[in-house]
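Single-letter residue listing:
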Amino acid sequence: MIFRALFLVGLMTLTAYVGYKGWKMYEFNQLTSQERANILVATPIEGKYSLTDHNGQRVTEQTYSGRHTLIFFGYTWCPDVCPTLLTDIAFIMDELGEASDKVVPLFISVDPERDTVSVLKEYVGEFHPGIVGLTGSLDDVAAAAKSFRVGYGKVVMDPADPEDYSMSHSADLFLMGPDGKPVKQYRFGVDAEALVKDIQAVLTDG
Amino acid sequence: MKKFFMLTVVSLTLVLATAGTVFATEYKVGELTISDVWSRASPSVAKAGAVYMTITNNGAMMDMISGIKTSMAGKAMVHESKMVDGVMKMEHAMHVMIKPGEALTMEPGGFHVMLMKLTGELTDGTSFPLTIEFKNAGSVELTVNVKKK
């Protein structure tokens, strides 16, 4: 009897949770792209990092001081989300035109074991010459991710082939100001044209 | 006269180009229709890629993807990118159903055929074959167009 009651309570909780998540997804899908573009995550982030760029130079957030940075975390073995975002970033840079001089897009690897400096250089460069790939030691990357409150982890898809792992990672896009402080944080899925408009507005305002 | 000729050529080209987009390749297998088959061009160092398509079930029976093979990759399987608490996770979609009267849209940030251990480069403007097998409808060979999009 008690088990049955527990089971029912469990089932109800699960249903409620799934319903809530479904509703949230629905709500998000109802937003216009401009509304989506303005979705900011309330949690303030620090956004500090000390990593190696794809030319082998050590960089921190101060390296790009005076320019905005557009930052996201990913990995080169990523089949879907990262190439999609990188294509969007290339589009944004092209659309910004001259103003793109004021923006440095940074692609921070969450998979430094496979993403060496040379791999990153070749990878990001084919999307857009302006994109800079950053990598580092496992600790460097962990510290950077923590500072951006970015979660990531290794996922082995096929136990028979553990080398062929994939990475789960936050796909948020961070726009940081010329002072290195966070300005905006966009969720994955925001229309690239809406992003262009939003970033243009930020650049014009200051 | 020359002007008229040029105009005809230009409009003919335009008509053909439009027709090309409207009548983009569609594949039929059993009661299923497959369209918009494409893969994103990726850097030559990329080790993985993704194929996207739309599968519409015009029949009265549920169908399921039972296998995918392509010479472009050592392994190909359906995955789903899912946002869980702000983190993008990839899940191996074991049983991908195509319900009767509905369409399964594989697009960036969602369902996709993940290509692992690429055997070649996904170069913009090229194409490669991919065979997809369904539990009921059987199998069909598709031509995947690689583009930047």
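Notes on the structure follow.

Rules used in this analysis
Residues numbered from 1 in each chain as written. Chains lettered and ligands numbered in written order. Predicted model: local features only at pLDDT ≥ 70, side-chain atom pairs only at ≥ 80, totals over all residues. Heavy atoms only, no water. Core = buried A, V, L, I, M, F, W, Y, C linked by side-chain atoms within 4.5 Å. Buried < 20%, exposed > 50% of the residue type's maximum accessible area, 1.4 Å probe, protein only. Helix = DSSP H or I, 4+ residues; strand = E, 2+ residues; numbered from the N terminus. Pairing = 2+ DSSP bridges. Axes fitted to C-alpha atoms, helices over the stretch in contact; angles between N-to-C directions. Phe/Tyr/Trp six-rings, centres within 6.5 Å; stacked < 30°, edge-to-face > 60°. Lys NZ or Arg CZ within 6 Å of the ring centre and 35° of its normal.

**Here we look at the nonpolar core**
Right, so step 1: By size, the foremost hydrophobic cluster in this structure holds 63 residues, and its most contacted members are Tyr49, Ile71, Phe73, Phe107, Leu134 and Phe148 of chain A.
Right, so step 2: If you tally residues by element for this core, the top one is helix α3 (residues 81-96) of chain A, at 8 residues.
Right, so step 3: Judged by nonpolar contacts, the second largest core, of 33 residues, contains Val37, Val78, Val96 and Val140 of chain B.

**Focus on the sheet that holds strand β8 (residues 173-176) of chain A**
Residue and element names in this part refer to chain A.
Right, so step 1: Read across the sheet, 7 strands follow the order β2-β1-β5-β4-β3-β8-β9 without closing on themselves; strand pairing throughout is mixed. Two strands in the sheet have a free side with no partner beyond their single neighbour: β2 (58-60) and β9 (182-186). Neighbour to neighbour, the strand axes of the sheet diverge by 35° on average, direction disregarded.
Right, so step 2: Direction of pairing for strand β3 (residues 68-74) relative to strand β4 (residues 103-109): parallel, over a ladder of 7 bridges. By the bridge assignment, Thr69 is partnered in β4 with Val104.

**Remarks on the packing of aromatic side chains**
Within a pair of aromatic rings, the relevant descriptors are the distance that separates the centres and the angle that separates the planes.
All names here are of chain A.
Right, so step 1: Counted according to the given criterion, the structure contains 8 aromatic pairs over all chains.
Right, so step 2: Judged by centre distance (5.4 Å) and plane angle (65°), the rings of Tyr123 and Phe127 are edge-to-face. With respect to class, Tyr123 is no different from Phe127; both count as buried.
Right, so step 3: In this structure an aromatic cluster arises from ring pairing among Tyr49, Phe73, Phe148 and Phe174.
Right, so step 4: The ring of Trp77 has Arg114 sitting right over it, with the charged end atom 3.9 Å from the ring centre.

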